[in-house]
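Observations on the three-dimensional arrangement
Listed here are the chains, written in short residue letters.
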Amino acid sequence: MRYITSILLLAIGLQLAAMNQENDSIQSKDKPKRYNAISLRYHSGRVLQTNDFVKGENNANQVIDYYQSLNIAYKVQTDGSKEWHHIFNFPYYGVAFYSANFFNVDELGTPNALYGFMGFPFKRGKKSLWGYELGFGLTYNWEPYDKYDNPFNVAIGSYRTVYIDANLFYEYHLSPRFDLRGSFGFTHFSNGGTQKPNSGLNLLSPSIELSYNFKDRPVLIRTAQPAYKQHHEVAIQLGAGSSNLLYDNKNEPVNPEDPKGTADVMHSYLNLSAAYLKQTTWKNKFGAGLDITYDETANVTVTYPEDGSQEPVVEMADKLSDKMMLGLFGTYEFAIDRLSVASYLGFLVLRNKGTNANPFMYQKFGIKYHFKNDMYAGLLVRAHNFSVAEVIEWNIGYRIKWH
């Protein structure tokens, strides 16, 4: 999550710095029109050494530090018919299929991903384009951790994970129909704590991409937009999720070849929150609020057998109050029309400080999509220490909005 946060902040900073470059767009008498494209991208890069499994503690006794991947994407170019197209310098969006090879099929499988993405240009030239692209989706076909058949894989604990990608790119227009792009990006795989172990995989790589436009590329004319009419809103949302924890018997270290003494327990999670937010510009929304959380991982009691011959005994807290928490948070949303990239920084002001109490400070990061009737849906990853994912929170909400 540190890598994701750093790349996102860099991208947002560059985008905000480019807000006033209205004169960088190419001028033409041609009316802008929507156009579509298809592309093929090849990655070849590094697996960051963030856990023991990729460092060589695996069945093959080999470091997993290199990977290759291919993706095929379908893109749609915005045409300037809406205000936000001009605000973001005519971004594009689309869907893509991704397939990776880590050269360890037995322990990692052959992961594939289906994801959506958006690209945001910093600067357009007559024959070139600079920008960044963000992608978010689901990955499947992993070979996950199994305490008997795949005991070393602490990186991936489930068959399906979240896929997150962020990259900076330079694109050169070979012709009115063909584009060649070079990029450098970061990719993250994780299930957000839904199934443990879940150290995740983090990748850094350059890539090369060839695109074909189905129509001749239109010349897009960017025009200055009126100042944003600031608005206020109260947002109420309900979130739910589940997380899996493994409780090892401390009296007997786990032997990967004979993994016993581990309790595998699934915990439920619910969250109700209310927040006041103010959108001050086309892109920026700030706010604060409170949330009430029910978390079965809080104040769990674990009893370890003295002889180490059995699994630890896991007992959830008896009192409802031991599993309830009250938090206060500040929030920032990077708004792209109805889509928002949301981040939260919160503090637990009321909680039972038992043996397994939740950390005082927590974070959330994810996306929200607002419908025309002021309902919205979203997905957030709740974490602590800006690096340890606790749970994936699926949200539905409603906002009351006024100018």
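What you see is a predicted model; the values in this text were computed from it and never measured.

For the rest of this paragraph, the subject is the overall build of the chain. What the chain contains, in helices and strands, is 4 helices and 18 strands. Put simply, the chain has 403 residues, and 49% of those count as buried. Here the analysis covers contacts within the chain between residues at least 6 apart in sequence; of these, 66% occur between residues at least 24 apart. Accessible surface, the chain: about 19300 Å² in total, of which carbon and sulfur atoms supply 59%.

Let's shift gears to the sheet that holds strand β18 (residues 388–402). On the basis of which strands lie adjacent, the closed barrel formed by 8 strands has the order β9-β10-β11-β14-β15-β16-β17-β18 and antiparallel pairing. Across the sheet, the axes of successive neighbouring strands diverge by a mean angle of 25°, strand direction being ignored. Both strand β10 (residues 262–279) and strand β11 (residues 284–295) contribute to a ladder of 11 bridges, which runs antiparallel. Considered in β11, the bridge of alanine 274 is made with leucine 290.

Taken as a whole and assessed by the stated rule, the structure comprises 24 aromatic pairs. Each ring, one from tyrosine 212 and one from phenylalanine 214, has its centre 5.8 Å from the other, and the planes form 85°; the classification is edge-to-face. Note on phenylalanine 214: relative accessible area 41%, which makes it partly exposed. With centroids separated by 5.2 Å and ring planes inclined at 65°, the aromatic side chains of phenylalanine 329 and tyrosine 344 adopt a geometry described as edge-to-face. Linking phenylalanine 329 in strand β14 (residues 324–336) with tyrosine 344 in strand β15 (residues 339–350), this pair joins segments that are 15 residues apart in sequence. For tyrosine 344, a relative accessible area of 9% translates into the label buried.

We now examine the environment of glycine 241. Among the structural elements, glycine 241 can be located in strand β9 (residues 231–248). Linking glycine 241 and serine 268, residues 27 residues apart in sequence, is a C-alpha distance of 6.3 Å. Apart from residues lying up to four places away in sequence, glycine 241 is in contact with His267, Ser268, Tyr269, Val391 and Ile392.

What follows covers the confidence of the model for the chain. Scored by pLDDT, the chain has a mean of 88; 88% of the residues are at 70 or more. Across residues 18–29 the pLDDT falls below 50, and counting only partners more than four positions away or on other chains, this stretch makes 24 contacts in the model.

Here is what the cut-offs are and how they apply
- Residues numbered from 1 in each chain as written.
- Predicted model: local features only at pLDDT ≥ 70, side-chain atom pairs only at ≥ 80, totals over all residues.
- Heavy atoms only, no water.
- Helix = DSSP H or I, 4+ residues; strand = E, 2+ residues; numbered from the N terminus.
- Buried < 20%, exposed > 50% of the residue type's maximum accessible area, 1.4 Å probe, protein only.
- Contact = heavy atoms within 4.5 Å.
- Areas by Shrake-Rupley, 256 points an atom, 1.4 Å probe, with all protein chains shown as cover.
- Pairing = 2+ DSSP bridges.
- Axes fitted to C-alpha atoms, helices over the stretch in contact; angles between N-to-C directions.
- Phe/Tyr/Trp six-rings, centres within 6.5 Å; stacked < 30°, edge-to-face > 60°.
- pLDDT = per-residue confidence, 0-100.

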